[in-house]
Amino acid sequence: MTYEYDLFVIGAGPGGLSAAKRAATCGAKVAIAEAAHLGGACTNLGCIPKKLMVYAADFATFAAAAEGYGWTRTSPEFSWQRFKLARDRELDRLRHVQQSALEKKGIQIIYGAATLVDAHTIAVNDQKFTANKILIAVGGKATKPKIAGVEHTVTSDDMFQLEQLPKRLAIIGGGYIGVEFASVMRGFGVEVVLMNREDCILTGFDDMISHTLRAGLIDRGIQSYCNTTADKIDRVDNQIQLHLTGDHSDTLTVDTVLCAIGRAPNLDHLGLESVGIELDGKAIAVDEFSRTNLANIYAVGDCTNRKQLTPVARAEGKAFADTVFNNQPTQIDSLIPSAVCSRPEAATIGLSESEAREKFGDRVQCHQTEFTPLFHTLSKQKSQSVVKYVTYDDRILGIHFVGMDAAEIIQGFALAMKKGITKSEIDSAIAIHPSSAEELFSVD
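In this text, all values refer to a predicted model and were calculated from it rather than measured experimentally.

Peer 1: Help me understand the overall build of the chain in this model?
Peer 2: Helices and strands together make up the secondary structure of the chain, namely 13 helices and 24 strands. Taking 444 residues into account, the globule formula puts the C-alpha radius of gyration at 22 Å, and the chain, at 23 Å, falls close to it. Summarising its shape, the C-alpha atoms of the chain cover approximately 70 × 65 × 45 Å along the three principal directions. Buried positions account for 48% of the 444 residues belonging to the chain. Taking the intrachain contacts of the chain between residues at least 6 apart in sequence as the baseline, contacts between residues at least 24 apart amount to 62%. Per element, the accessible surface of the chain, about 21,400 Å² overall, is 48% carbon and sulfur. Counting 45 positive and 54 negative side-chain charges, the chain places the averaged centre of each group 4 Å from the other.

Below, the structure is given as structure tokens:
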């Protein structure tokens, strides 16, 4: 049978874009459908605008630190509206860059919500298209807890479009999204209460990261309530009241409530049931090559039950295209670094101590050091960095770092771990001085 396209991609986020461009490079005729903006959540409602917010908030910290370096103390004023205009111009530029890249490769861009009609047919805007292979890369969506009054809350998507900054913000959820927004909003001068139903923030990270980062947030004036959540929310005039339960069972009054309990696969209205695509819980079930139970339909990124990170989706998209269109069966690396873009910043690669001990037992050894970054020796700001290695017979199982430039520093160590570097080899290496990264070469 003849099809209009070799590949039809549903979703133009990192995974879909990566797959479409790679497949086109391999000679495939490709179309990509997007219901919103090119770039997906990462470009428009996630990584990029969030990191720009982090940078914007940092200027308050730099201004406060300047006096220790001999500068006259000043009080800069931040304009949320001016920042939004500058940010949106940059996001629009990035979308045009993506559009240009797709057009140069001959990829047809179709704007609209796509629905599967059958195993080879997709409907978009009352038009039908046929394709030999279909890739689902629709990403995820922010979720809210099922509690009374939750309609008075916002999600992380809404935070980028606030008309004005709140004076007092409550955040339900202590994962990386909640922590990052707590940090950046505090940088803008907002009073922040961060609550998590678990016994600490950042569940799933190494305990050192969870406790060290939480202490850093508290030092910055963020209230952190653990073993606590809201079971009811009321709007009273122009304010919102949260009825808390757990270790802090009282009433909290704020201007804005952010629900940051996680994201779920964005599978509504795709027509998965009508074509018989199997699910794994609430996500699309795929094998190690991103194949669904239907031979010609694949899925990558946050709509599957795999790690929800932009670089992972991008790698999965490229691996899919190499497997299907380049005759190179490819699986992505399981050793994935990640970071929490807060202040203090955290980054990690490999196993946590608890994961390592569960797998290897008492032969696991941990090596940890704490230091003050040189920048903060004159800044008069309290800021400690912590590095932790998790090892097994000199083999490095995990590296965990809280402190300035943690994400940038951990990047190279991720490649070193992939190549099997040992703790002894790191100890014998010569580092750049003075730098924060050199501390990772001298952890006893």
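Peer 1: Looking at this structure, how should I read the pairing of strand β9 (residues 168-172)?
Peer 2: The two faces of a sheet get side chains in turn, since along a regular strand they alternate between them. β9 sits mainly inside the fold: four of its five residues count as buried. Across five bridges, β9 lies against strand β10 (residues 191-196) in parallel orientation. Bridge pairing in β10 links Ile 172 to Met 195. Taken together, β9, helix α6 (residues 176-187) and β10 constitute a β-α-β crossover, and its handedness is right-handed. Here four bridges tie β9 to strand β15 (residues 256-259), and the two strands are oriented parallel to one another. Note that in β15 the partner of Ile 171 across the bridge is Leu 258.

Peer 1: Would you mind showing me how to read a nonpolar patch on the surface here?
Peer 2: A surface patch of nonpolar side chains, about 360 Å² in accessible area, is lined by Tyr 69, Trp 71 and Leu 378. Among the structural elements, Leu 378 can be located in helix α11 (residues 376-379).

Peer 1: So what exactly am I meant to see when it comes to the nonpolar core here?
Peer 2: Buried together is how nonpolar side chains tend to be arranged in soluble globular proteins. Counting residues in hydrophobic clusters, the biggest one holds 35 residues, and the most contacted among them are Met 53, Ile 171, Phe 181 and Met 185. Those elements giving two or more residues to this core turn out to be α3 (47-66), α4 (80-104), β9, α6, β10 and α7 (207-219). Ranked by residues supplied to this core, first place goes to α6 with six residues. Not counting chain neighbours up to four residues away, the residues in contact with Phe 181 comprise Met 53, Ser 156, Met 159, Phe 160, Ile 171 and Leu 258.

Peer 1: How should the packing of aromatic side chains be read in this particular structure?
Peer 2: Note on aromatic pairs: each is described by the distance of the centres and the angle between the planes. A complete count under the given rule lists 16 aromatic pairs for this structure. On the numbers, 6.2 Å between centres and 85° between planes, the contact of Phe 59 with Phe 62 is edge-to-face. With a gap of three residues between them, Phe 59 and Phe 62 both fall in helix α3, about one helical turn apart. Phe 59 sits in the exposed class, given a relative accessible area of 57%.

Peer 1: What is the right way to look at the environment of Lys 128 in this model?
Peer 2: For Lys 128, the position within the fold is in strand β6 (residues 127-136). Contact partners of Lys 128, with chain neighbours within four places excluded, come to Glu 4, Val 117, Thr 121, Ile 122 and Ala 123.

Peer 1: Help me understand the sheet that holds strand β14 (residues 251-254) in this model?
Peer 2: Backbone hydrogen bonds hold the strands of a sheet together, and the pairing may be parallel or antiparallel. A sheet is described by the order of its strands in space; here three strands give the open sequence β12-β13-β14, paired in antiparallel fashion. With partners counted over all chains shown, the strands left at the sheet margins are β12 (228-236) and β14, one partner each. Each strand of the sheet is rotated relative to its neighbour by a mean of 25°, with strand direction disregarded. Of the pairings in the sheet, the one linking β12 to strand β13 (residues 239-246) comprises eight bridges and is antiparallel in character. The partner of Asp 234 across the bridge, within β13, is Gln 241.

Peer 1: I tried to follow the sheet that holds strand β11 (residues 223-226) on my own but got confused; where do I start?
Peer 2: Taken together, the five strands give an open sheet; going across it, the order is β8-β15-β9-β10-β11, and neighbouring strands pair in parallel fashion. Looking at which strands have only one partner, the edges of the open sheet turn out to be β8 (154-155) and β11. Across the sheet, α6 is in contact with β9, β10 and β15; its angle to β10 comes to roughly 165°.

Peer 1: For this particular structure, what's the right way to read the side chain of Ser 290?
Peer 2: Mapping Ser 290 onto the fold places it in the loop between β18 (283-284) and β19 (297-299). Take Ser 290: its relative accessible area is 4%, and that puts it in the buried class. Other than its neighbours up to four places away in sequence, Ser 290 contacts Tyr 298, Ala 299, Val 300 and Arg 306.

Peer 1: Explain the state of the cysteines here, please?
Peer 2: Where two cysteines share a covalent bond between their sulfur atoms, that bond is called a disulfide. Scanning the entire structure with this criterion turns up zero disulfides. No disulfide involves Cys 200; its nearest neighbouring cysteine sulfur is the one of Cys 226, lying 4.8 Å away.

Peer 1: Looking at this structure, how should I read unusual backbone geometry?
Peer 2: Geometrically, the link from Arg 343 to Pro 344 is a cis peptide bond, its omega value of 10° lying close to zero. Within the fold, Pro 344 resides in the loop between β20 (338-340) and β21 (346-350). Cis geometry is adopted by the peptide bond preceding Pro 434, which originates at His 433 and carries an omega value of -5°. With respect to the helices and strands, Pro 434 occurs in the segment after α13 (423-428). If you check the backbone angles, Asn 327 has positive phi at about 55° while not being a glycine.

Peer 1: How do you make sense of the pairing of strand β4 (residues 114-118) when you look at a structure like this?
Peer 2: In this structure, β4 lies alongside strand β5 (residues 121-124), joined through four bridges in antiparallel fashion. Residue Asp 118 lies in a different strand from β5, and its bridge partner there is Thr 121. With antiparallel pairing between neighbouring strands as the criterion, β4 and β5 make up a hairpin whose turn holds two residues.

Peer 1: Can you walk me through the pattern of salt bridges in this structure?
Peer 2: Opposite charge on two side chains permits pairing when their charged atoms draw close. By the definition in use, this model includes 20 salt bridges. A salt bridge links Asp 322 to Arg 22, with the nearest nitrogen and oxygen atoms 2.8 Å apart. Of the two residues, Asp 322 is situated in helix α9 (residues 310-325) and Arg 22 in helix α1 (residues 14-25); the sequence distance between them amounts to 300 residues. Of the residues examined, Asp 322 reaches a relative accessible area of 6% and is grouped as buried. Its relative accessible area of 28% is what places Arg 22 among the partly exposed residues. A salt bridge links Lys 423 to Asp 427; the nearest nitrogen and oxygen atoms lie 2.8 Å apart. Of the two residues, Lys 423 and Asp 427 are both situated in helix α13; the distance of four residues between them amounts to about one turn of the helix.

Thresholds applied
Residues numbered from 1 in each chain as written. Predicted model: local features only at pLDDT ≥ 70, side-chain atom pairs only at ≥ 80, totals over all residues. Heavy atoms only, no water. Helix = DSSP H or I, 4+ residues; strand = E, 2+ residues; numbered from the N terminus. Rg over C-alpha atoms; globule rule 2.2 N^0.38 Å. Buried < 20%, exposed > 50% of the residue type's maximum accessible area, 1.4 Å probe, protein only. Contact = heavy atoms within 4.5 Å. Areas by Shrake-Rupley, 256 points an atom, 1.4 Å probe, with all protein chains shown as cover. Lys, Arg positive; Asp, Glu negative; His and termini not counted. Charge placed at Lys NZ, Arg CZ, Asp CG, Glu CD. Pairing = 2+ DSSP bridges. Right-handed = clockwise from strand over helix to strand, strands pointing away. Patch = residues over 30% accessible without salt bridge, like charges linked within 9 Å, V, L, I, M, F, W, Y side chains within 5 Å. Salt bridge = Lys/Arg side-chain N within 4 Å of Asp/Glu carboxyl O. Core = buried A, V, L, I, M, F, W, Y, C linked by side-chain atoms within 4.5 Å. Phe/Tyr/Trp six-rings, centres within 6.5 Å; stacked < 30°, edge-to-face > 60°. Axes fitted to C-alpha atoms, helices over the stretch in contact; angles between N-to-C directions. Disulfide = S-S within 2.5 Å.

Keep in mind these numbers describe shape, not what the thing actually does.
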